[in-house]
Each structure stands twice: as structure tokens, then as C-alpha cells.
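# Residue-level structure breakdown
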Amino acid sequence: MKQQVLQLVYDVLRKLQYPVPGAIKCEYPKVSTHGDISTNVAMLLAKELKQPPRKIAESLVQSLKENAEDVRDIQIAGPGFINFFLKDEFFIRHLKTILNAGEQFGKIDAHTGIKANVEFVSANPTGPLTVGHGRNAVLGDTIANLLEWSGCDKVDREYYFNNAGRQMRVLGDSVRLRYLQLIGENVDFPEDYYQGDYIKEIAASLSETYGESLREENAEGIFKERAEEAIFADIKKTCDRLGIKFDYFYNEKSLYDDGYVEELIGIFRNKGLAYEKDGAIWLKTSEMGLEQDRVIVKSTGEPTYRLPDIAYHREKFKRGYDLIIDILGADHHATYPDVLAGVKALGLDEAKMKLVIYQFVTIVSEGQPVKMSTRKANYITLDELMDEAGPDVVRYFFLMRSPQSHLNFDLDLAKKETEENPVYYLQYAHARIASILRFAISSSVEFGWRYSEGDEQNAECIDLLTGKAEIELAKRLEQFPEIVEFCVNSYEPHHMGSYLTDVAMLFHKFYHAHRVITEDRGLSLARLSLCLATKTVLANGLRTIGIGAPERM
RNA sequence: GCGCCCGUAGCUCAAUCGGAUAGAGCAACGGCCUUCUAAGCCGUAGGUUACUGGUUCGAUUCCAGUCGGGCGUACCA
């Protein structure tokens, strides 16, 4: 509706031959006495027209009124806001639109024709996913969901990993040493090796299968392979529990095997953007707007991470994506400018790339922050979290806050409980509606009429909804598609959570104010329409953030 | 030192990219179940938006500075 009002404003401005200011805003006022939708046009025009805003507003209102449907009144208030009061019937009749759209309600076309790639998690297979990865995983998956809801032709979820490198060598050697210990060798286990129990488990399974025959094997062979295999299986299982399925697992190694890294060095050289110094190859990032040049190949001949990173993003462009999103933790923030500069230097359109940075997660247990380190095995895994709280709660916790805000994850709260948990508030509203519908089917006969699913679609009596709680709820439901759009455009899914909480709250209020099933068939059907529309919005909204909508609780 | 993020109720966080009287959840206090789910509802209390200045009709939001916290600042990823 916001869009329609905005359009109306533009039309009237043109008609009256007023200048059209750049950033006209329409918004939902916080207070109901300020109407349903409010615009700041008059204030924006004040300077240009050299007239007081309220006077300009007055000159607009008449014309606005003549051209507006569904509008009950237009008022001028405060410093010069123009406030639109919409007819209640508009919102009530809109319930039918929601019911007709059903599972599709909230799908928008903001990204029609776009092929998107969302890269997230991307943890190397050195250990189980921890709470830190959880925020990344949930954020990435939810943004992908929202892109699908906003009309993308295709959204690929991608996991980028590296199974070469030093980290992985240490991992293999950690398994090897644990294995040797198991078969009775007296070896030291270095402190900076991977300390987690999962290493011992992998070693144990190796000793079970191969006995002592691997005594002379080196770390890079079967030890590393088995570790990678086992850990990746574990990671995928964890993601699966969270409801996350990747379309691609992209191995950094393939960039070398396919010659893309080598090719990229050649391109930079040909463009005169790379040079040798001190035995290393440098990229002239200083000429690309960055502070200093960066090494892309070390003097040892080994590339630094940024070279394959650039090659990787180049591949994403080649694969035809129009939107390339990276979900990165704040600790990786510094790596992005290099990639961006590299991509730009290649003549690719860096505007297609979007970065979503999220701040760190602090686990709080018994009031104390828990320090975590994968290597030291001092961490809480995502799986443990889900064991205690369930996937829905875990997802919700990670999505409650804006990405740029530090997230305090209260372990005791997440573990402990059910009723203190905000996510149950939403789910409860959904389950409650489901229960009412069951009741309607089974018991309406006792009230002198019969309800079966779909009857509410024909409720001509929908205009019987006139209570304050009913109107308020219907108004909020109408905004759902705009919330989807807002979330996807800002890459901030936490707004969906607050919106749904608000819908749930308005529903609970309605529930306490009005009885749904009564002897009055018309009124009952009308209220069932409202219930069903609410259920639709809750279910669809929960689907966008990947949380279940239970039929009973 | 420099760069990015943050500082809002006792606690954890919002605030529709500059709007009107800054809002939720938890915690505290007082009410509401013989009627469709009390995992709920109603009410009370809680604030100089870290601080100082600036920009304008208007600032939690933008700019400068100060204080405090987090993360970076590699020929680690």
C-alpha cells in the first residue's frame, strides 16, 4: 500500500506542476492518530518553494483526496506531515488476497531475472561447526531464502573450502599422532595441534580398520583424507539439522587443478598490475585505491589466500551470476577489499558483489563469556546447541539481532527453557490458530452450522470484522510483502523476526478480545478468514527464516 | 598509530537508511482460566539514547572530537 500512496503523491505533484523532490518518504507512523501512512513531501518542498510546509501540504491535500481510492481521510499534522487514513474495508477485503495467494503470499518480484550466488559457512574441514559458524550459516541461508522469495530466477547456496594448506597438514598430523598413541607408541602431542576428541575418534576408527599397519604412513595421506571425510560428513549433517542444503561445495584446489590461478597471474602480469620483488609476486593494489601493494605469491612459490580468492570470484562471474554475495565474520573483513580491487582490475562489474559482515558471537554461560578456540577444543558446537535447544530456537537466536550487532548467546537460556524463549511466542500463535481451525471443523455443528475447510473463502460477511483488534491485525498482515522486500534489500533478516512477533502479538490480542466460533455463522466465518490469513502470514514468514510452524504445541 | 563495527530501560536487543510521544523480550510488582491452547492477555514501574559541539523545520540516526568495548591491520586463512 505504501507504494500506491507514493505513486499517488507523484501523480499529484506532476499534475499540479510542482517540483518533484528526490527522496520522498512514505512510512507507517508509530502512533495511530497519525494515520496509516504518512509522507514528508511538504517538508521537502518547503525550501524549494519558499513556503511553510503546512501551507504546501494544504495545497496538496485537496488534489490527493480527489484521486485517492481506499482513503478515508487525509490530514495535515505536526511540522507538515500529510497523514493518510485508509478505510478499514480496504484491509479487511485484503484478507481475501492473502487467502487466495496462500503459500505464495509475500512473494515479490524485486529480483526477477536475477541469478544469485550466496557463499556462506565456508569453514575448512578442520573440526565441527561451532557457534560462531552458526550465525554465518543461518544468516546466509536466510538471505538465500529471502532472495528466492523476492523472485530470483535461481539462488545457489555455495560452500567454499580449502583442503590443502597448512591447517590441513596439521590436522592430518594430529590424527596421525593420536593414532600412534592408540597403538601404543609413546609420542608427544604438541599443544598447537588440534586437541578435540573428534581427532581421537577418527584415529580410533582408523586403528579399528587398519590395526597397526599405518605406523609408517605420513600425515598427508590417509590420515588427512580420513579426517577431511569424517569432518565434512559431520559438517553436512549439522547443516542438514539446521535445514541448510548447499548446491555447491567449491574446492579451492580445483582453481589450481583447472589452471585458473596460473591464468590469473598471467592476466595481472599482462595488464602490468603484478611485479616481482624480494622473490615474491606483488599485486599493485595501491593503484587500485588501496593503501599498499599486496603479495599474491610468496617467495616460497606458494600463493597467498587472496590470489585464489580473486580467481574464485572471477569464476563466479564466469558462471553467470548477477548477484554474488559473501557472508563474512568481522574477523575476515580485511580480506574483502583485496578481492574487490582484483575483480575490478579484471574489468568485472564489482557492483554485482555484496558483502554481508556480521559481528562476533559471544557465548555466555553462567554469566561468563566463554573463550573459544577450535584448535584448543575449547568450544561449543552447533550440534550441542541444537541438542539442547532444538534447531528452531538456534536459528531464531542467530536471527534476532542485526548482523552488525554483537550477539550474546545466552547458553543457559537457550538450553534451559521453553517459555522464556521468544521463538515459542510465534509458534504458539500459529499452533493456536491451527487448534481453532480444528475446533471449527469438529464443533461448528454444535453451534447450528457446519464448517469445512475453504468455507471462509466465500465469506461475503467479511465486512463484519469491525473490532479494533481485528482491524489492527488485518493492517499488519497487509504489510508482509513489504517486510520481505525490506529484509532482502537491507540483507537484515532480523526485521522479519520483529515483524512476526508483532503479528503474533496482535493475534493474541484479537484472540482474547473476540471469540471466533459462535452461533453467528457469518461472523464466525469472517473471523476464521482472519485467523487463516494470520496463519498464512506466520507460516510464510517462518518459512523465510527457516523456522517450523507447528500445528500443535 | 590506522581501518571497520558497536555504546539506547536492571539484562539482551529494536527503532521502517533524518521524522511526530524512543519500543519489545527477559527480570520486578499487581490482576485474568466452568467458554476455540494461560507457551497467552491486561495493568504498573523502568530513559539526559556514553559525553561535548556542529549541520536543519526536526538527530538514537548524519559530521567532528573525547571516553569505553569488539575485530582487524602478514610473504596466516
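Because the structure is predicted, anything quoted here is derived from the model rather than measured.

## Let's talk about helix α6 (residues 165-182)
- Between its first and last C-alpha atoms α6 spans 26 Å; for 18 residues at 1.5 Å apiece the expected length is 26 Å, and the two agree.
- Regarding α6, the residues found buried are M168, V170, L171, G172, D173, S174, V175, L177, R178, Y179 and L180.
- The secondary structure elements touched by the buried residues of α6 are α7 (197-210) and α8 (219-241).
- One or two steps after α6, the chain reaches G184, where phi turns positive at roughly 95°.

## Quick notes on the pairing of strand β6 (residues 154-161)
- Most of β6 sits inside the fold, with 7 of its 8 residues counted as buried.
- The sheet contact formed by strand β5 (residues 115-119) and β6 spans 5 bridges and is parallel. Bridge pairing in β6 links E119 to E158.
- Handedness of the crossover is the feature at issue here: the chain leaves β5, passes through helix α5 (residues 131-149), returns alongside β6, and the resulting connection is right-handed.
- In the sheet, β6 pairs with strand β7 (residues 248-251) via 4 bridges, with the strands oriented parallel. Residue pairing across strands places Y160 opposite Y250, the latter belonging to β7.

## With respect to the domain arrangement of chain A
- Along its sequence, chain A is organised into domain 1 (2-86), domain 2 (165-241) and domain 3 (420-544).
- The distance between the C-alpha centroids of domain 1 and domain 3 comes to 31 Å.

## Digging into the packing of aromatic side chains
- Scanning the entire structure with this criterion turns up 22 aromatic pairs.
- A ring pair is formed by F439 and F447, whose centres lie 6.5 Å apart and whose planes are at 65°; its orientation type is edge-to-face.
- Taken together, F120, Y159, F161, F232, F246 and F249 form an aromatic cluster joined through their ring pairs.
- Positioned above the aromatic ring of F189 is the side chain of R178, whose terminal nitrogen or guanidinium carbon lies 3.6 Å from the ring centre.

## Regarding the pairing of strand β11 (residues 323-329)
- The buried fraction of β11 amounts to 7 of the 7 residues, a majority that puts the element mostly inside the structure.
- Side chains of β11 alternate between two faces, with L323, I325, I327 and G329 and I324, D326 and L328 buried alike.
- Bridge count for β5 against β11 is 4 bridges, and the pairing is parallel. The residue bridging N117 from the neighbouring strand is I324, located in β11.
- One ladder, built from 6 bridges, connects β11 with strand β12 (residues 353-358); its direction is parallel. In the sheet register, L328 faces β12, and the bridge partner there is I357.

## Considerations on helix α3 (residues 53-67)
- If you check α3, its first and last C-alpha atoms are 21 Å apart, about what 15 residues at 1.5 Å a residue would give, namely 21 Å.
- A bend of about 30° at L60 is the largest found in α3.
- Buried within α3 are the following residues: I56, A57, L60, V61, S63 and L64.
- Along its buried surface, α3 packs onto α1 (2-15), α2 (41-49), β3 (71-77) and β4 (81-86).

## Structural notes on the packing of α6 against α8
- Closest axis-to-axis distance for the α6/α8 pair is 8 Å, and the angle between their directions is 100°. Classed by the angle they form, the pair α6 and α8 counts as roughly perpendicular. Residues M168, R169, L171, G172, D173, V175, R176 and Y179 of α6 lie in contact with α8, whose contacting residues are A219, E220, F223, K224, A227, E228 and I231.
- Across the contact of α6 with α8, the residue classes tally to 8 nonpolar, 1 polar and 6 charged.

## As for the sheet that holds strand β14 (residues 368-370)
- Strand order in the open sheet formed by 3 strands is β14-β13-β15, with mixed pairing between adjacent strands. Lying at the two open borders of the sheet, with one neighbouring strand each, are β14 and β15 (407-410). Pairs of neighbouring strands in the sheet enclose a mean axial angle of 40°, with direction left out of account.
- Across 4 bridges, the pairing between strand β13 (residues 361-365) and β15 is parallel. Considered in β15, the bridge of V361 is made with L407.

## Details of the protein's contact with RNA strand B
- In the vicinity of RNA strand B, 62 residues are found, and the nearest of them are K298, R401, Y428, R432 and S435.
- Across the atoms of RNA strand B situated within 4 Å of the protein, the share located in sugar and phosphate is 63%.
- Within the backbone of A330, an N or O atom sits 3.3 Å from a sugar or linking oxygen of RNA strand B.
- Sorting the residues of the surface near RNA strand B by element identifies β4, β9 (280-283), β10 (294-297), β15, α16 (422-443) and α19 (494-513) as the ones contributing at least two each.
- Examining the composition of the surface near RNA strand B, we find that 9 residues originate from one element, α16, more than from any other.
- Broken down by class, the residue content of the surface near RNA strand B amounts to 23 nonpolar, 22 polar and 17 charged.

Reading the values: the criteria
Residues numbered from 1 in each chain as written. Chains lettered and ligands numbered in written order. Predicted model: local features only at pLDDT ≥ 70, side-chain atom pairs only at ≥ 80, totals over all residues. Heavy atoms only, no water. Helix = DSSP H or I, 4+ residues; strand = E, 2+ residues; numbered from the N terminus. Expected span 1.5 Å × (residues − 1). Buried < 20%, exposed > 50% of the residue type's maximum accessible area, 1.4 Å probe, protein only. Contact = heavy atoms within 4.5 Å. Pairing = 2+ DSSP bridges. Right-handed = clockwise from strand over helix to strand, strands pointing away. Domains from an automatic or database assignment. Phe/Tyr/Trp six-rings, centres within 6.5 Å; stacked < 30°, edge-to-face > 60°. Lys NZ or Arg CZ within 6 Å of the ring centre and 35° of its normal. Bend = angle between axes of the 7 residues up to and from the residue. Axes fitted to C-alpha atoms, helices over the stretch in contact; angles between N-to-C directions. Parallel < 35°, antiparallel > 145°, perpendicular 65-115°, else oblique. Nonpolar A, V, L, I, M, F, W, Y, C, P; charged D, E, K, R; others polar. Near = heavy atom within 4 Å. Polar contact = N/O pair within 3.5 Å; in protein donor to acceptor, adjacent residues only side chain to side chain.

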